[in-house]
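Below, each chain spelled out in residue letters.
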Amino acid sequence: MKTRILAGWKTRFYSVCLMMLVSATATLAFAGNAAAQEAATPPATEMVAETAGVAEAAADVAAAEPAAEAAAEEEAVLDSGDTAWMLTSTLLVLLMIVPGLALFYGGLVRSKNVLSVLSQVLVVASVVIVLWAFYGYSAVFTEGNAFFGSFTEKSFLKGITVETLSGTIPELLFVAFQSTFAAITTALIVGAFAERIKFKAVLLFSVLWFTFSYLPMAHIVWGGGYLGELGAIDFAGGTVVHINAGVAGLVGAYFVGKRLGFGQTALKPHNVPFTFIGAALLWIGWFGFNAGSAAAADGTAALAFINTILATSAAVVGWTLVEAVSKGKPSALGAASGAVAGLVGITPACGTVGPLGAIVIGLAAGAICVWGVTGLKKLLKVDDTADVFGVHGVGGIVGAILTGVFTAPSLGGTGDADFSIGSQVWIQAVSIGFTIVWCAVVTVLALLVAKLAFGLRVSEEAERVGLDITSHGESAYEA
């Protein structure tokens with residue numbers, strides 16, 4: 001009876017999600033078409049011009065052309081300093097994935113599953129990077145509609161040579177930098193359902209989710225899509241990366257189900273030093289993630305750099321204080337988790353808020369994420385192994401909202417003189433809601449496809465033995 005009720009609930013849940021996606025897509029498409037038609041129909045004006053006026057206008061245009069060409073040539077010059085910084089930033093973000101994220105997750109699972117998590121992070125990231133070159137970059141950073149760019153215009157990186165520039169850096173370098181964002185976002189999800197999911201199901205799910213959740217969200221925010229046009233501020237990936245991955249992790253944890261013994265026996269991390277080292281590597285690599293998003297070695301990069309230092313430090317302090325008060329003892333695992341929470345929180349804001357704003361965002365993210373991995377997790381009754389939603393989802397939401405507050409110039413931010421906190425916070429809230437709905441529906445559909453193709457969960461016996469042996473035929477620690 002319990003199983004039938006649950007099955008009925010899932011069916012209704014899938015149906016509701018699918019209807020939400022269809023409704024949202026239809027509404028936004030209608031709005032986009034209406035806006036396009038309005039833009040295409042210019043207001044009526046008098047078409048009267050004297051011969052002298054026409055000649056004068058023509059002369060002005062002729063005089064302006066050389067200046068415009070000179071400006072274009074000036075913009076198209078490669079800057080060696082920017083290029084060097086972006087090469088470094090790309091390597092730093094790669095450091096975040098392997099070994100940073102891999103070790104962070106690897107330490108949180110039990111010893112019999114550590115290699116499976118390391119493998120999932122590495123292989124998922126690698127598959128995504130290859131797909132990014134095949135069609136991902138083209139789908140995000142070419143002109144298209146409000147949700148997707150063209151999947152073919154720059155597929156397989158056609159038309160991009162060593163001479164092609166993106167701003168002041170080689171376009172090939174920009175492709176590489178953005179590939180690491182796509183890779184770590186998709187790899188983040190695996191921590192939510194670690195220790196009980198089939199390896200081939202992870203890979204199929206990752207391909208589908210990357211294609212239909214990451215790519216459209218990146219285009220929608222960074223590629224000239226709906227939220228970018230709306231005015232949402234997301235400097236380095238609060239919605240695109242962290243809320244996107246956090247929601248996917250939450251939905252995935254529900255679908256795959258709880259680990260055997262969850263809530264009955266202690267499922268403790270097997271190696272806290274691994275997690276601590278992973279967090280330290282994430283912090284180091286995050287400078288490339290945040291400051292590299294300036295795409296130049298300039299003042300904005302410097303602002304993102306110091307904000308990353310300050311917010312992360314404040315979050316460690318915030319998490320430690322809350323844990324000390326609530327539990328009586330601050331833990332090393334908590335401090336490491338606080339660092340990640342601060343990094344997540346400052347990501348959308350790092351290039352637009354001032355240093356004091358960064359400190360407040362870090363404190364808020366650190367303190368609130370403690371609740372995200374404890375109280376909220378219990379309320380949701382979910383087995384999110386590595387607290388992907390509690391840290392990345394909750395931290396991303398906190399950061400995205402506070403970005404709309406502390407970008408205000410009156411609070412030390414870089415917003416325009418007419419910046420409105422209320423209006424921007426509303427836009428940020430809309431972007432958060434859009435991301436949650438889009439990602440949740442895509443995640444449900446991708447998991448259903450993976451379930452139909454391979455099944456999601458390993459057998460009980462395989463889970464008891466451990467995925468290192470049953471899925472990969474090896475063991476991290478020989479007896």
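Observations regarding the packing of aromatic side chains
- Per the stated rule, a full pass over the model turns up 21 aromatic pairs.
- Summarising the aromatic geometry, the rings of Tyr135 and Phe151 are spaced 5.8 Å apart at their centres and angled 35° between planes, so their arrangement reads as tilted. Taken together, the residues Tyr135 in helix α4 (residues 114-140) and Phe151 in the loop between α4 and β1 (165-166) connect sequence positions 16 residues apart.
- What makes Phe151 partly exposed here is its relative accessible area of 31%.
- With centroids separated by 4.1 Å and ring planes inclined at 5°, the aromatic side chains of Phe181 and Phe289 adopt a geometry described as stacked. Remark: Phe289 occurs in helix α9 (residues 272-291) and Phe181 occurs in helix α5 (residues 171-188); sequence separation between them is 108 residues. Here Phe181 matches Phe289 in class, with each residue buried.
- Every member of this aromatic cluster is reached through a ring pair, and the members are Tyr135, Phe148, Phe151, Phe210 and Tyr214.

Describing the pattern of salt bridges
- Counted under the stated rule, the structure contains nine salt bridges.
- With its nearest N and O atoms 3.1 Å apart, the salt bridge here joins Glu195 to Arg110. Remark: Arg110 occurs in the loop between α3 (80-108) and α4 and Glu195 occurs in the loop between α5 and α6 (199-222); sequence separation between them is 85 residues. The burial state of Glu195 is the same as that of Arg110; both residues are buried.
- The residue Glu460 makes a salt bridge to Arg464 at a minimum N-O spacing of 3.8 Å. Residue Glu460 and its partner Arg464 are both found in helix α16 (residues 460-465); the two are separated by four residues, about one turn of the helix.
- Note on Arg464: relative accessible area 52%, which makes it exposed.

Thoughts on the confidence of the model for the chain
- Summary statistics for the chain give a mean pLDDT of 88 and a share of 84% for residues scoring 70 or more.
- Across residues 1-66 the pLDDT falls below 50, and counting only partners more than four positions away or on other chains, this stretch makes 18 contacts in the model.
- The model gives residues 68-73 a pLDDT under 50, and that stretch makes zero contacts with residues more than four places away or in other chains.

What to know about the packing of α3 against α4
- Contact geometry of α3 with α4 gives a least axis separation of 9 Å together with a crossing angle of 145°. Note on packing geometry: the crossing formed by α3 with α4 is right-handed. Contacts between α3 and α4 pair Ile97, Val98, Leu101, Ala102, Leu103, Tyr105 and Gly106 from the former with Val114, Val117, Leu118, Val121, Leu122 and Ala125 from the latter.
- Of the residues assigned to the contact of α3 with α4, the class counts are 12 nonpolar, one polar and no charged.

As for the side chain of Thr312
- Turning to its location among the elements, Thr312 is positioned in helix α10 (residues 299-327).
- Looking at Thr312, the relative accessible area reads 0%, which means it is buried.
- A polar contact of 2.6 Å, which involves the side chain of Thr312, links it to the backbone oxygen of Thr308.
- Sequence-distant contacts of Thr312, defined by excluding residues within four places in its chain, comprise Trp283, Ala339, Gly342 and Leu343.

Concerning the packing of helix α14 (residues 388-406) against helix α15 (residues 421-454)
- Viewed as axis vectors pointing N to C, α14 and α15 meet at an angle of 155°, and their least axial separation amounts to 7 Å. Classed by the angle they form, the pair α14 and α15 counts as roughly antiparallel. Regarding α14 and α15, the two cross each other, and that crossing is right-handed. Of the residues in α15, those in contact with Ile397, Ala400, Ile401, Thr403, Gly404 and Val405 of α14 are Ile421, Gln424, Val425, Gln428, Ala429, Ile432 and Ile436.
- The class makeup of the residues in the contact of α14 with α15 is nine nonpolar, four polar and no charged.

Side note on the nonpolar core
- Tyr105, Val121, Trp132, Phe210, Tyr214 and Phe289 are the most contacted members of the largest nonpolar core, which has 117 residues in total.
- The biggest single contributor to this core is α4, with 13 residues.
- Here Phe289 is in contact with Val93, Met96, Phe177, Phe181, Ile184, Ala236, Val241, His242 and Thr347, once residues within four sequence places are set aside.

Quick notes on unusual backbone geometry
- Residues Val98 and Pro99 are joined by a peptide bond in cis, for which omega reads 15°.
- The topology assignment puts Pro99 in helix α3.
- Located in the positive-phi region is Leu157, a residue other than glycine, with phi close to 60°.
- Even without glycine at this site, Glu195 takes up a positive phi of about 80°.

Thoughts on the environment of Gly191
- Relative to the elements of secondary structure, Gly191 occurs in the loop between α5 and α6.
- Spatially, the C-alpha atom of Gly191 lies 8.9 Å from that of Leu108, the residues being 83 residues apart in sequence.
- Gly191 has contacts with Tyr105, Asp384, Thr385, Ala386 and Val388, leaving out every residue within four places of it along the chain.

Description of α4
- The end-to-end C-alpha distance of α4 is 34 Å, clearly below the 39 Å that 27 residues give at a rise of 1.5 Å each.
- At Trp132, α4 is bent by approximately 65°, the largest bend along its length.

Examining the environment of Val373
- Mapped onto the elements, Val373 comes out in helix α12 (residues 355-373).
- Judged by relative accessible area, Val373 falls into the buried class, the value being 16%.
- Once the C-alpha coordinates of Val373 and Val388 are considered, the two residues, 15 residues apart in sequence, prove to be 8.8 Å apart.
- Sequence-distant contacts of Val373, that is, excluding residues within four places in its chain, are made with Trp319, Asp387, Gly390 and Val391.

With respect to α10
- Between its first and last C-alpha, α10 extends 41 Å over 29 residues, near the 42 Å set by a 1.5 Å rise per residue.
- Among the residues of α10, Ala301, Leu303, Ala304, Asn307, Thr308, Ala311, Thr312, Ala314, Ala315, Gly318, Trp319 and Glu323 are the ones counted as buried.
- Buried positions along α10 lie against α3, α9, α11 (332-346) and α12.
- Regarding α10, its N-cap is Asp298, as a side-chain oxygen of that residue lies 3.2 Å from the backbone nitrogen of Thr300 further along.

Each value, and the rule that gives it
Residues numbered from 1 in each chain as written. Predicted model: local features only at pLDDT ≥ 70, side-chain atom pairs only at ≥ 80, totals over all residues. Heavy atoms only, no water. Phe/Tyr/Trp six-rings, centres within 6.5 Å; stacked < 30°, edge-to-face > 60°. Helix = DSSP H or I, 4+ residues; strand = E, 2+ residues; numbered from the N terminus. Buried < 20%, exposed > 50% of the residue type's maximum accessible area, 1.4 Å probe, protein only. Salt bridge = Lys/Arg side-chain N within 4 Å of Asp/Glu carboxyl O. pLDDT = per-residue confidence, 0-100. Contact = heavy atoms within 4.5 Å. Axes fitted to C-alpha atoms, helices over the stretch in contact; angles between N-to-C directions. Left-handed = near helix turned anticlockwise from the far one by under 90°. Nonpolar A, V, L, I, M, F, W, Y, C, P; charged D, E, K, R; others polar. Polar contact = N/O pair within 3.5 Å; in protein donor to acceptor, adjacent residues only side chain to side chain. Parallel < 35°, antiparallel > 145°, perpendicular 65-115°, else oblique. Core = buried A, V, L, I, M, F, W, Y, C linked by side-chain atoms within 4.5 Å. Expected span 1.5 Å × (residues − 1). Bend = angle between axes of the 7 residues up to and from the residue.

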